[in-house]
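For reference, the chains in residue letters:
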Amino acid sequence: MPVEQLTYWFSRLTQNSPFLFAVLDKNHQYLWVSQRYCEISGLDQEELVGKQDREILGSNFYEALKPHYMRAFNGEASEGEIILNDGVHDSSFHFSVTPLTNSEWADGAVIFHAADTSERQVLTSALESSESRFDNLCQLVGDGCCVLDGGIILSANHHAVKLLGFDNQNEILGEDIENLLVPPVKGQSVFTSLTLLKPGQQLVCQTKGAGDNLAPINISYGSISLLGGSGALITLSRTGVVSDHKQTIEKLAQFDALTGLYNRHGFSRRLEQLIKSNTPLLMFYLDVDNFKNINDSLGHHIGDRVLQDIAQRLRKQLPSDTILGHLGGDEFAVLLPEPSSPDVAEELSQCVVDVISQPFDLYHFSKYLACSIGMVKFPGDGKDARSLLQNADTAMYEAKEQGRNRIVTYNQHMNKEARMRLWLEIELQKALQNNGLEVWYQPKVNAKDYTINGAEALVRWKHPVEGYISPGRFIPVAERSGMIELLGRNVMREVFQTVRRWQNMKVLPGRVAINLSPQQFRNPNLTSHMKKLQAATQTDPSLITFELTESAVMNDGEHAIQMLNAIKELGFSLSIDDFGTGYSSLSYLAKFPLDEIKIDRAFICDMETFPKQVTLIENIINLGRSLNMSVVAEGVESGKQASVLANLKCDTIQGFHFYKPMPREEFEALLINNRKAKIAS
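Residues numbered from 1 in each chain as written. Predicted model: local features only at pLDDT ≥ 70, side-chain atom pairs only at ≥ 80, totals over all residues. Heavy atoms only, no water.

- The name an unreviewed UniProt entry gives the chain is cyclic-guanylate-specific phosphodiesterase, with Grimontia marina as the organism.

1. Things to note about the nonpolar core
Next, step 1: If you look at the biggest cluster of nonpolar residues, it comprises 74 residues, and the most contacted ones within it are Tyr441, Met492, Val495, Phe521, Phe546, Ile567 and Ile617.
Next, step 2: Considering each element in turn, this core owes the most residues, eight residues, to helix 17 (residues 484-505).
Next, step 3: With 32 residues, the next largest nonpolar core counts Leu282, Val288, Ile310 and Val353 among its residues. (Core = buried A, V, L, I, M, F, W, Y, C linked by side-chain atoms within 4.5 Å. Buried < 20%, exposed > 50% of the residue type's maximum accessible area, 1.4 Å probe, protein only. Helix = DSSP H or I, 4+ residues; strand = E, 2+ residues; numbered from the N terminus.)

2. Details of empty space enclosed by the protein
Next, step 1: By the definition in use, this model includes one cavity of 30 Å³ or more.
Next, step 2: Roughly 50 Å³ of internal volume is contained in the largest cavity.
Next, step 3: Residue lining of the largest cavity: Glu485, Arg489, Met492, Gln520, Asn523, Asn525, Leu526 and His529, and that is the complete set.
Next, step 4: Residue assignment for the lining of the largest cavity shows that the elements contributing at least two residues are helix 17 and helix 19 (526-537).
Next, step 5: The greatest single-element share of the lining of the largest cavity, amounting to three residues, is contributed by helix 17.
Next, step 6: Across the lining of the largest cavity, the residue classes tally to two nonpolar, four polar and two charged. (1 Å grid on protein atoms, 1.4 Å probe; cavity = no way out; pocket = protein on both sides within 12 Å on 5 of 7 lines; lining within 4 Å. Points joined across faces, edges and corners; volume = space filled by probe spheres on them. Nonpolar A, V, L, I, M, F, W, Y, C, P; charged D, E, K, R; others polar.)

3. Section: the layout of surface pockets
Next, step 1: Empty space within the second largest pocket amounts to approximately 740 Å³.
Next, step 2: Every residue lining the second largest pocket is counted, 32 residues in all, and those nearest its centre are Glu456, Leu458, Ile475, Asn515 and Asp577.
Next, step 3: Where the lining of the second largest pocket is concerned, the elements lending two or more residues are strand 20 (452-463), helix 16 (471-481), helix 17, strand 22 (511-515), helix 18 (518-522), strand 23 (544-549) and strand 24 (573-579).
Next, step 4: Examining the composition of the lining of the second largest pocket, we find that five residues originate from one element, strand 20, more than from any other.
Next, step 5: By residue class, the composition of the lining of the second largest pocket is 14 nonpolar, nine polar and nine charged.

4. Side note on the pairing of strand 22
Next, step 1: Pairing of strand 20 with strand 22 involves three bridges; the strand directions are parallel. The residue bridging alanine 455 from the neighbouring strand is valine 512, located in strand 22.
Next, step 2: Summarising the sheet, strand 22 and strand 23 pair through four bridges and their orientation is parallel. Following the sheet pairing, isoleucine 514 is matched in strand 23 by phenylalanine 546. (Pairing = 2+ DSSP bridges.)

5. Focus: the packing of helix 10 (residues 264-276) against helix 14 (residues 385-401)
Next, step 1: The N-to-C vectors of helix 10 and helix 14 enclose an angle of 115 degrees; their axes lie 9 Å apart at closest approach. Compared by their axis directions, helix 10 and helix 14 come out roughly perpendicular. Across the interface between the two elements, Phe267, Ser268, Leu271, Glu272 and Ile275 from helix 10 touch Ala385, Leu388 and Leu389 from helix 14.
Next, step 2: Residues of the contact of helix 10 with helix 14, tallied by class, amount to six nonpolar, one polar and one charged. (Axes fitted to C-alpha atoms, helices over the stretch in contact; angles between N-to-C directions. Parallel < 35°, antiparallel > 145°, perpendicular 65-115°, else oblique. Contact = heavy atoms within 4.5 Å.)

6. Comments concerning the side chain of lysine 598
Next, step 1: In this fold, lysine 598 is placed in strand 25 (residues 596-599).
Next, step 2: One polar contact links lysine 598 to glutamate 547, side chain to side chain, over a distance of 3.2 Å.
Next, step 3: Excluding residues that lie within four positions of it along the chain, lysine 598 makes contacts with Glu456, Glu547, Ser575, Ile576, Asp577, Asp578, Phe579, Val632, Glu634 and Gln654. (Polar contact = N/O pair within 3.5 Å; in protein donor to acceptor, adjacent residues only side chain to side chain.)

7. A closer look at the environment of leucine 261
Next, step 1: Tracing the chain through its elements places leucine 261 in the loop between helix 9 (245-252) and helix 10.
Next, step 2: By relative accessible area, which is 4% here, leucine 261 ends up buried.
Next, step 3: For the pair leucine 261 and glutamine 312, spaced 51 residues apart in the sequence, the C-alpha separation amounts to 9.5 Å.
Next, step 4: With residues near it in sequence (within four places) discarded, leucine 261 still touches Phe255, Asp256, Ala311, Arg315, Leu324, Gly325, His326 and Phe332.

8. With respect to the packing of aromatic side chains
Next, step 1: If you walk through the whole model with that rule in mind, you get 13 aromatic pairs.
Next, step 2: With a centroid separation of 6.2 Å and 85 degrees between ring planes, the pair formed by tyrosine 69 and phenylalanine 112 is classed as edge-to-face. A residue pair is termed long-range when its members are at least 10 positions apart, and tyrosine 69 in helix 5 (residues 59-73) and phenylalanine 112 in strand 5 (residues 110-116) qualify at 43 residues. An identical accessibility class is assigned to tyrosine 69 and phenylalanine 112; each is buried.
Next, step 3: Members of the aromatic cluster, each reached through a chain of ring pairs, are Tyr69, Phe95 and Phe112.
Next, step 4: Between arginine 313 and the ring centre of phenylalanine 360, over which it is positioned, the NZ or CZ distance is 3.8 Å. (Phe/Tyr/Trp six-rings, centres within 6.5 Å; stacked < 30°, edge-to-face > 60°. Lys NZ or Arg CZ within 6 Å of the ring centre and 35° of its normal.)

Structure follows, in structure tokens:
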């Protein structure tokens with residue numbers, strides 16, 4: 001594989017990887033490094049080329065790896081563990097060093113790959129520490145404590161052992177609680193009775209143990225997370241003995257261990273209390289934008305530190321009577337009871353934005369973050385905690401829809417829109433599963449004589465109840481929900497099969513255009529799918545054009561060039577849709593292997609109102625012709641527009657003035673009639 005391709009694919013494959021990847025030469029200098037090296041060193045990839053581990057990661061790191069590099073240049077792969085401790089970083093890595101066989105680098109090369117294992121060690125240590133603290137707490141409290149999994153005792157302190165009538169902890173571990181207690185309700189298990197307890201209630205049970213003078217005991221119950229599932233914590237005390245242990249456990253259950261703020265359960269309870277007392281309040285539901293990138297690229301331990309910093313900043317900067325919650329992930333809630341004036345909402349929201357927008361120190365560099373915020377008020381925007389949180393969440397997602405890093409106040413219209421989007425998503429999924437979408441065709445005509453010279457394939461959705469739903473409504477839903485690729489593949493398959501049919505009938509006078517979404521274009525398997533589909537349908541690729549928007553091809557220039565060249569090699573044509581409304585960078589027209597430019601309808605509809613638009617259109621047509629590209633004008637709705645375009649020597653015209661989109665059968669009949677008329681003449 002040539003060096004250029006090798007470095008390109010290395011870059012693509014490791015772009016967002018939290019792992020260290022490097023290609024090194026015989027002097028153990030970097031030929032290429034992944035983005036993770038840049039994050040650790042603060043240098044660009046170009047600056048790192050030619051440097052060694054000694055300069056970037058320290059002498060100890062390099063000396064430990066040097067023997068492995070030497071073995072790799074002798075053709076032997078190896079792996080092991082290594083510590084990075086350069087005074088700034090303190091991390092452990094599991095690494096491998098592999099010879100790069102058949103390398104295009106003249107003197108050979110090796111690949112170094114390392115995965116950061118420090119987070120796993122931190123988590124293991126934290127788990128062991130947490131278990132130790134919990135065990136010590138259980139042994140210190142005066143009540144009996146047991147952890148249950150489905151009624152089976154997993155752990156118990158010595159007080160619980162005694163209260164249940166035993167002498168040794170091992171006598172009850174692994175036992176079913178049903179075998180140790182007498183059910184208080186005949187025919188109902190003890191565990192079921194415990195789960196039915198309301199907050200503050202206790203269950204009185206007689207034990208089955210062999211101890212002397214065993215008296216009934218009080219049992220309190222609480223649910224806990226247990227190894228990713230659900231478990232239970234029960235406390236036991238003598239009848240008549242007042243215990244505050246349950247209150248302690250209940251209090252701990254309301255707070256988030258990472259940030260010290262209320263968790264979702266605790267925040268909801270506090271919110272419900274204020275609502276019941278009819279306390280006016282403001283609430284903000286905020287989500288940190290693109291927080292997932294931090295976890296993915298730097299690790300969850302760095303992400304956790306950011307969340308802790310956010311909590312600390314909110315505590316310091318917001319009024320003392322503000323109630324704060326960490327609701328999970330990167331979502332926080334801010335609650336202000338009894339706001340003093342209408343202006344306080346704007347002041348508080350701006351304060352929250354300022355808190356998040358300050359840079360975060362992530363060891364070796366600073367990171368700027370932003371947030372999307374939804375705001376609700378009580379009374380007015382909900383009658384209970386559940387509805388207020390739901391409506392604030394809806395407003396927050398509306399803020400994201402509007403472009404992120406903004407504040408949106410909830411209104412009832414949003415709930416209707418959110419429900420509609422959800423309904424559309426569910427119904428669209430059904431339509432895709434049941435082949436409920438249709439492909440229609442809008443004919444294109446030759447600008448000289450207005451004869452049909454091709455068509456554009458357009459997806460249509462006829463809902464069994466609502467009738468035809470506008471693509472402007474369901475295409476964005478498909479893009480947000482990740483269904484756009486499946487939708488695009490369905491359209492592509494239908495068009496290939498139909499074009500093959502018209503190809504055999506000899507009625508198709510030109511190419512059929514298929515729109516490619518940016519998500520489809522970014523998929524590295526796109527050309528493989530095209531090749532398989534073309535082979536399966538035996539469609540002539542010269543009869544197919546793929547249309548892309550400017551933004552789709554400009555987001556990643558190198559990937560775009562490789563992908564476009566691969567599509568061209570398969571024999572398909574390429575068109576830039578909506579030309580002039582995206583990046584409008586003329587340089588890409590020369591770089592990319594394009595066959596066609598489509599002038600956006602915005603230029604066409606304004607050409608009669610703004611005469612200068614005609615000059616712009618003429619220049620676009622001349623530009624296309626000078627680059628040996630055909631030019632299509634879309635959105636033509638009048639005879640005058642068509643005449644002007646013909647005079648400007650535009651190649652092809654598309655629009656309602658000539659034909660509207662039509663079902664396949666209708667377009668096929670039109671093609672057949674046109675062919676008969678041509679033969680007859």
